[in-house]
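Structural description and commentary
In case you want the letters, here they are:
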Amino acid sequence: DSGVTQTPKHLITATGQRVTLRCSPRSGDLSVYWYQQSLDQGLQFLIQYYNGEERAKGNILERFSAQQFPDLHSELNLSSLELGDSALYFCASSVTSGGAEETQYFGPGTRLLVL
Amino acid sequence: AQSVTQLGSHVSVSEGALVLLRCNYSSSVPPYLFWYVQYPNQGLQLLLKYTSAATLVKGINGFEAEFKKSETSFHLTKPSAHMSDAAEYFCAVSGDGGYQKVTFGIGTKLQVIP
């Protein structure tokens, strides 16, 4: 158990809908990262938040957004869902801003299926 | 620009045999390199990382990897495969060392045959 929790574990929804994925980092970790793992694109970094502020953006679509709350949990919002958004969405956390000297811990993921 | 190539999307080894998972990287700056493991229905776990210190990096679960600049390689090895090693393994590169700049390979599924 990495200490990073994600809810829900599975999500099935329809095209055009909006969903929210939630992530709670390890206690004391200030950074939260979101990744998408799909058959087409493999593993991709989406976005990072550090202590409530957006720190870095990767290949995140405009239909997707995220935020980190004062208690440091994070939510990833996916809207106007398309079939191609079906994927495993991972959250990870680290103590500070994410240099390679740190260790990053991954949650178990949320599996999203868009029908 | 940076990229990672993992040779072999599926690798099978017998229990007790050597595990060798290949990774070649491309980076315009000195790279940081990572190997992750993903067990079925679980998230990723960092096995080991190269951060420009020792070229031979030892990780968890008996795995190690050697950074070879001349070959632009960072192959993952384990002397003796165990059934519990069956998983998917991802090699990744980051040009500036940050996790947010990591580029992942496509993954190699390791099957261990009893």
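Structure: above.
Since we're looking at a predicted model, the values are computed, not measured. (Residues numbered from 1 in each chain as written. Chains lettered and ligands numbered in written order. Predicted model: local features only at pLDDT ≥ 70, side-chain atom pairs only at ≥ 80, totals over all residues. Heavy atoms only, no water.)

Next up on the list: the sheet that holds strand S7 (residues 64-68) of chain A. Residue and element names in this part refer to chain A. Sheet architecture is open: 4 strands sit in the order S1-S3-S8-S7, paired in antiparallel fashion. Single-partner strands in this sheet number two, and they are strand S1 (5-7) and S7. When the angles between neighbouring strand axes are averaged without regard to direction, this sheet yields 15°. As defined by bridge partners, S7 adjoins strand S8 (residues 74-78) across 5 bridges and the pair is classed as antiparallel. Paired with Gln67 across the bridge in S8 is Glu75. (Pairing = 2+ DSSP bridges. Helix = DSSP H or I, 4+ residues; strand = E, 2+ residues; numbered from the N terminus. Axes fitted to C-alpha atoms, helices over the stretch in contact; angles between N-to-C directions.)

Enumeration according to the criterion identifies 5 salt bridges over all chains in this entry. Note that A:Arg63 is salt-bridged to A:Asp85, the shortest N-O span being 2.8 Å. Linking A:Arg63 in the loop between strand S6 (53-57) and S7 with A:Asp85 in the loop between S8 and strand S9 (87-94), this pair joins segments that are 22 residues apart in sequence. B:Asp85 is the partner of B:Lys78 in a salt bridge, and the nearest nitrogen-oxygen pair spans 2.9 Å. A residue is classified by how much of its surface remains accessible, and B:Asp85, at 2% relative accessible area, is buried. In the salt-bridge network here, residues are joined through shared partners; they are A:Arg63, A:Glu82 and A:Asp85. (Salt bridge = Lys/Arg side-chain N within 4 Å of Asp/Glu carboxyl O. Buried < 20%, exposed > 50% of the residue type's maximum accessible area, 1.4 Å probe, protein only.)

For the rest of this paragraph, the subject is the environment of A:Lys57. Residue and element names in this part refer to chain A. Position of Lys57 relative to the elements: it lies in strand S6. Its relative accessible area of 57% is what places Lys57 among the exposed residues. Along the chain, Lys57 and Trp34 lie 23 residues apart, while their C-alpha atoms are 9.7 Å from each other. Residue contacts for Lys57: discarding those within four places in its chain leaves Phe45, Leu46 and Ile47. (Contact = heavy atoms within 4.5 Å.)

In this section: the pairing of strand S11 (residues 110-114) of chain A. All names here are of chain A. Side chains of S11 alternate between two faces, with Thr110, Leu112 and Val114 buried and Arg111 and Leu113 left unburied. Pairing geometry for strand S2 (residues 10-13) and S11, over 4 bridges, is parallel. Each bridged residue has a counterpart across the sheet, and for Leu11 the counterpart in S11 is Leu112. Of the pairings in the sheet, the one linking S9 to S11 comprises 3 bridges and is antiparallel in character. By the bridge assignment for S11, Leu88 is matched with Arg111.

Proteins that are soluble and globular tend to have nonpolar side chains buried together. Among the nonpolar cores identified, the biggest contains 27 residues, and B:Trp35, B:Leu48, B:Phe74, B:Leu76 and B:Tyr89 are the most heavily contacted of them. Contributions of two or more residues to this core are made by strand S2 (10-14), strand S3 (19-27), strand S4 (32-38), strand S5 (44-50), strand S7 (64-68), strand S8 (73-78), strand S9 (87-94) and strand S11 (108-113) of chain B. The next biggest cluster of nonpolar side chains, apart from the first, holds 21 residues, and it includes A:Leu11, A:Val19, A:Val32 and A:Ala87. (Core = buried A, V, L, I, M, F, W, Y, C linked by side-chain atoms within 4.5 Å.)

What follows concerns unusual backbone geometry. Here A:Thr7 and A:Pro8 are connected by a cis peptide whose omega angle stands at -10°. Considering the arrangement of structural elements, one finds A:Pro8 in the loop between S1 and S2. Unusually for a residue other than glycine, A:Asn51 sits at a positive phi of about 50°. Positionally, A:Asn51 belongs in the loop between strand S5 (42-50) and S6. One non-glycine residue, B:Asn41, lies in positive phi territory at about 60°. By the secondary structure assignment, B:Asn41 is in the loop between S4 and S5. Residue class for B:Asn41 comes out exposed when judged on its relative accessible area of 72%.

Evaluation of the coordinates by the stated rule reveals 13 aromatic pairs over all chains. Both rings, one in B:Tyr36 and one in B:Phe104, keep their centres 5.6 Å apart while their planes meet at 50°; by these two values the pair is tilted. In this pair, B:Tyr36 is assigned in strand S4 and B:Phe104 in strand S10 (residues 103-104), connecting sequence segments 68 residues apart. Residues B:Tyr36 and B:Phe104 agree in their burial class; the two are buried. The residue whose ring lies beneath A:Arg26 is A:Tyr105, and the NZ or CZ to ring-centre distance is 3.8 Å. (Phe/Tyr/Trp six-rings, centres within 6.5 Å; stacked < 30°, edge-to-face > 60°. Lys NZ or Arg CZ within 6 Å of the ring centre and 35° of its normal.)

In this assembly, 16 residues from chain B lie in contact with 21 residues from chain A. For the pair chain B and chain A, the summed buried surface comes to about 1500 Å²; carbon and sulfur atoms form 57% of the total. For the pair chain B and chain A, the number of links is 0 salt bridges. At the surface where chain B touches chain A, the tally comes to 3 residue pairs in polar contact (both at pLDDT 80 or more). Counting residues per element, the ones that place at least two in the side of chain B that touches chain A are S4 and S5 of chain B. Of the residues forming the side of chain B that touches chain A, the biggest block, 4 residues, is contributed by S4(B). Within the side of chain B that touches chain A, the residues separate by chemical class into 8 nonpolar, 7 polar and 1 charged. (Buried area = accessible area lost by both parts, 1.4 Å probe. Polar contact = N/O pair within 3.5 Å; in protein donor to acceptor, adjacent residues only side chain to side chain. Nonpolar A, V, L, I, M, F, W, Y, C, P; charged D, E, K, R; others polar.)

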